[in-house]
Amino acid sequence: MKTTTRSWLAMIVIGIFTIMANLDASIINIALPIMSKSLAVPISQITYTVMGYMVILSGLLVTFGKLGDIWGKGRIFESVKYLV
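Model, not experiment: these values are computed from the prediction. (Residues numbered from 1 in each chain as written. Predicted model: local features only at pLDDT ≥ 70, side-chain atom pairs only at ≥ 80, totals over all residues. Heavy atoms only, no water.)

**Some points on unusual backbone geometry**
Next, step 1: Its identity is not glycine, yet Ala 40 carries a phi of approximately 55°, on the positive side.
Next, step 2: Under the relative-accessibility criterion, Ala 40 is labelled exposed at 69%. (Buried < 20%, exposed > 50% of the residue type's maximum accessible area, 1.4 Å probe, protein only.)

See the structure below:
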């Protein structure tokens, strides 16, 4: 496979994963009123769910970035692809 083709393929795959992560965060925000009502918790407290999700996601991003530097980006990308 040519280098330019591989570069475009990698860019498309990363773009799809980025869109899916943003879609996931949007779904959580849309579900907040329903979660609040079914759990009988005020909406001001249930927003911590979104913050906790984003903090964990950010922490994993940094962790896997460092592991990618140590073990190789391709190897980490392949393993995380099946994790998510």
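**Considering the packing of helix α1 (residues 3-39) against helix α2 (residues 43-71)**
Next, step 1: Contact geometry for α1 and α2: axes closest at 9 Å, N-to-C directions at 155°. The orientation of α1 relative to α2 falls into the category roughly antiparallel. Regarding α1 and α2, the two cross each other, and that crossing is right-handed. Each of Ala 21, Asp 24, Ala 25, Ile 28, Asn 29, Leu 32, Pro 33, Met 35, Ser 36 and Leu 39 in α1 lies in contact with α2, whose residues at this interface are Ile 43, Ile 46, Thr 47, Thr 49, Val 50, Tyr 53 and Met 54. (Axes fitted to C-alpha atoms, helices over the stretch in contact; angles between N-to-C directions. Helix = DSSP H or I, 4+ residues; strand = E, 2+ residues; numbered from the N terminus. Parallel < 35°, antiparallel > 145°, perpendicular 65-115°, else oblique. Left-handed = near helix turned anticlockwise from the far one by under 90°. Contact = heavy atoms within 4.5 Å.)

**Here's the deal with α1**
Next, step 1: The end-to-end C-alpha distance of α1, which contains 37 residues, comes to 52 Å, matching closely the 54 Å that a straight helix rising 1.5 Å per residue would cover.
Next, step 2: When the local axis directions of α1 are compared, the greatest deviation, roughly 45°, occurs at Leu 32, which is followed within four positions by the proline Pro 33.
Next, step 3: Looking at α1, one finds that the buried residues are Ala 25, Ile 28, Leu 32 and Ser 36.
Next, step 4: Buried residues along α1 sit against α2.
Next, step 5: Ala 40 sits one or two residues past α1 and shows a positive phi near 55°. (Expected span 1.5 Å × (residues − 1). Bend = angle between axes of the 7 residues up to and from the residue.)

**Here we look at α2**
Next, step 1: Taking 1.5 Å of rise per residue, the 29 residues of α2 would be expected to cover 42 Å, and the 42 Å separating its terminal C-alpha atoms lies within 8% of that figure.
Next, step 2: Considered for burial, the residues of α2 that qualify are Ile 46, Val 50 and Gly 68.

**Re the environment of Ile 76**
Next, step 1: Inspection of the secondary structure puts Ile 76 in helix α3 (residues 73-83).
Next, step 2: Linking Ile 76 and Ile 19, residues 57 residues apart in sequence, is a C-alpha distance of 19 Å.
Next, step 3: When neighbours within four sequence positions are excluded, Ile 76 is seen to be in contact with Phe 64, Leu 67, Gly 68 and Trp 71.

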